[in-house]
Amino acid sequence: MRAVSGHVGGVYLRSSTPGLLQLAVLSGLPGPLFRPWWRMHVDRPFPVADAHRLGVEIQLADLTETMRRYPQLAAGLPFRFGSVYVPVVGASTAYGVLTVLRPAAWDPTSAPQDRDRLTEAAQGLGAALHELEADGPEVLWDGEPLCVQAPANGASPGHAGRGTPGDGAADLLPEGVFTLDRLGLFSYVNPRAALLLGHPPSELLGRSLWHAVPWLEQPTYEDHLRGALLSRDPVHFQVRRPPAPGEGPGSGERYGDRLSLSVYPGPNGLTFTAVPLGRDAGAAKAASLPGGTALDGQERGDPPFGPLTAPATLADDLAAPAAAANGTEALYPPVFLALALSEAVTARQVSAVVMQELLPAFGGRRLAIYLLQDRHLYLAWESGFPKGFLDPFDGVALDVRLPGVETLTSGRPLFFESMEQLSAAYPGIPLDAEEGARAFLPLIASGRPVGSCILGFDRPRGFSPQERTVLTALAGLIAQALERAQRYDTEAALARGLQAALLPHRLPVHPQVETAGRYLPGTQGMDVGGDWYDVVEAGDGLALVIGDVQGHGVQAAATMGQLRSAVRAFALGGHPPEEVMSGTNRLLIDLDPGQFASCCYIRLDPLTGAARAARAGHPQPLLRHPDGRTEVLDLPGGVVLGVAPDAVYPVVDLRLEPGAVLALYTDGMVERPGTDIDEGVERLRAALSRAATPTRRTGPSLGGTADLLIEEARQATDRPDDIALLLTTRRATHADRP
């Protein structure tokens, strides 16, 4: 870690839950502060997940790059730091990810050497894990992370050990001073700080800040501490101390009900100064001296540490970790779920986000989401339940006494800390497991019932008031996302119907020309777009058309229908290609749908193979010659349709030889996220070149060739755009013979 200028290191490993990584080792940070990042699903848009899933190293130089590439990570940790993520692989087995956080402004010239050191460390770890697995069971991690101290790196300001000259000097300061190491343990407390925190130094040293002073365990305070630890920048904030039992309003004013905390990060930890608000720091006096001597501002009758905070015994404090583990161990920041849900547009995508985000954060293993329709609840998503267990509950009416129904009809979440509790509350209800816990959450958006959500846990567990509040709030976010998804599904169904009605149901049959068209909707967002193809019999020729309207959804499909009708009308009127394009361009501008479109129009003479082509901002066609040689045509073209009313569309003369194949396609066929479009065109060109020449008697049909070309896209689960493909081939005629 030190070798690459890092101040934080960690290792994520596979867990027994498929697709879930668990933080196994954390060095240089207090574990409780980073509990929301202990678990990471491999499909989440985070660098750890990408490094493991893709098997690639990821470097983020600073906050700006993090915000650009991984906005969800930047939203949760909006601090100035850089980070590196290296896959841990042993003998082709991906075990996890090695992570190092370092200052945002490290020397970029050291990047190659740093990369080599980290890669070597990750490879060594992978080899060791593979050797360990070869001699025993599969290497998995399901527990909490092992938090270890980072190697010491010089002295940290204020980290004076007991008995040093600095210790004695800090003891005399009028403001409170205390220090934490990088695991959040007290390493020094001066008398004034002990008074303000409500505990003598002996009860603080060596203990965790959050266990010794539980009233500092607040999300806002913790966010400030995360910023200081990660960015190395000082932070300043105010905290409110709880009153001690028996204190009335204002009774704590003598020492200040609120404190101003300043945090100064160092290489080995944090130094704090604490000053009561409303009092001059220089006038504040130390609490007490050895031997019970009182200082100015403190009455002799006051217990030295008693009146400032509610008394807490050491036993009570030691019980805090267990309470946290059973309650707010993962107070999941709602902003994480809100950001993830903002990218989900279908009910299935919303459910997948809930599975990836919520289950790992709260340690759940089962999820079911039901949606309300016609006063019945229908199963929309399930994960982790025994196969077929939920089938009898699919389509259940709202008058049935079941927890998943009653949580929606009553609007109240239901929490069962054990399966015995669930069985006692609902006698005779079928159970999917003998032990565990369940949470039933109502999904209600703006007062409208949407459905219900079931979270399942493998072991009995409690639900603290904070956890119940957070889960209920998150259920509201899920309900809003599902309601939005239902509106999307309605619009998508309308768009699909419109698209299907507007695309040609069959292409014209010609004795000398064979054509084949294919269309695939996208898999992301509004999957139906404005791509179309057409073949028009116009006089003694054929018009080959392909186009792409900007955008997706009903509007794009409607605009596509208007353009297809316009092109057909111009083609049937015998207009040359340049006039077809110009007329369609002016029509789109007059319609003013707020969209533009690309198009390629080719007028073909079936007898001679002579063709005239015009292009408006559309990808270049491909031409496979009879000998298999395939080229990307270089047709000059004009701007896209709908932009410039006086645009000119030049025409190029071509010839389609017998046995040659002309391929027209939309950009969805060749565009992939993160790759250049030219690479996609080259892949398509190579695939068309490998395809056999389609004939009636031998080789595949033209439709078979179209299916081969589109098969890769058809199998893709992540297809961001829709696709249209039109292939044309010509058979030999007397005019072609010498």
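Residues numbered from 1 in each chain as written. Predicted model: local features only at pLDDT ≥ 70, side-chain atom pairs only at ≥ 80, totals over all residues. Heavy atoms only, no water.

One open sheet accounts for six strands, arranged β15-β14-β13-β18-β17-β16; its pairing is antiparallel. Whereas interior strands pair on both sides, the edge strands pair on one side only; in this sheet they are β15 (396-397) and β16 (414-416). When β16 meets strand β17 (residues 437-445), the two strands line up antiparallel, connected through three bridges. Each residue of the ladder has a partner; that of F416, found in β17, is R438. Against the sheet, helix α12 (residues 347-362) contacts β13 (366-373), β14 (376-383) and β18 (448-457), and its axis sits at roughly 145° relative to β13. Seen against the sheet, helix α13 (residues 403-410) touches β13, β14, β15, β16, β17 and β18 and runs at an angle of roughly 35° to β17. (Pairing = 2+ DSSP bridges. Helix = DSSP H or I, 4+ residues; strand = E, 2+ residues; numbered from the N terminus. Contact = heavy atoms within 4.5 Å. Axes fitted to C-alpha atoms, helices over the stretch in contact; angles between N-to-C directions.)

Taken residue by residue, the protein chain gives an average pLDDT of 80. The fraction at 70 or more is 79%. Across residues 155-163 the pLDDT falls below 50, and counting only partners more than four positions away or on other chains, this stretch makes 28 contacts in the model. (pLDDT = per-residue confidence, 0-100.)

Moving on, we get to the packing of aromatic side chains. Aromatic ring pairs: the centre-centre distance and the angle between the two ring planes describe each pair. Counted under the stated rule, the structure contains 10 aromatic pairs. Where F389 meets F393, the ring centres are 5.9 Å apart and the plane angle is 55°; that geometry is what we call tilted. Across the pair, exposure class does not vary: F389 and F393 are buried alike. Residues F415 and F463 carry aromatic rings whose centres are separated by 5.1 Å and whose planes lie at 45° to one another, so their mutual orientation is tilted. Note that F415 is positioned in strand β16 and F463 in the loop between β18 and α15 (465-502), a separation of 48 residues in sequence. Looking at F463, the relative accessible area reads 6%, which means it is buried. (Phe/Tyr/Trp six-rings, centres within 6.5 Å; stacked < 30°, edge-to-face > 60°. Buried < 20%, exposed > 50% of the residue type's maximum accessible area, 1.4 Å probe, protein only.)

To continue, consider the pattern of salt bridges. Close approach of charged atoms allows side chains with opposite charge to pair. Counted according to the given criterion, the structure contains 22 salt bridges. Linking D233 and R80 is a salt bridge whose minimum nitrogen-to-oxygen distance equals 2.8 Å. Within this pair, whereas D233 is found in the loop between α8 (219-231) and β10 (235-240), its partner R80 is found in the loop between α3 (71-76) and β5 (82-90), the two being separated by 153 residues in sequence. Given the relative accessible area of 47%, R80 is considered partly exposed. Of the charged contacts in the structure, one is a salt bridge between R366 and D458, with a shortest N-O distance of 2.7 Å. In this pair, R366 sits in strand β13 while D458 sits in the loop between β18 and α15, placing the two residues 92 residues apart along the sequence. Accessibility expressed as a relative area gives 12% for R366, which makes it buried. (Salt bridge = Lys/Arg side-chain N within 4 Å of Asp/Glu carboxyl O.)

Another point: the side chain of S262. The residue S262 is located in strand β11 (residues 258-266) in this model. Here the side chain of S262 touches H236 through a polar contact of 2.8 Å, side chain to side chain. (Polar contact = N/O pair within 3.5 Å; in protein donor to acceptor, adjacent residues only side chain to side chain.)

Moving on, we come to unusual backbone geometry. Excluding glycine, a negative phi dihedral is what most residues carry, and trans is how most peptide bonds are arranged. In this structure, S92 is a non-glycine residue whose phi angle is positive, near 70°. Mapping S92 onto the fold places it in the loop between β5 and β6 (93-102). The exposed category is assigned to S92, whose relative accessible area is 73%.

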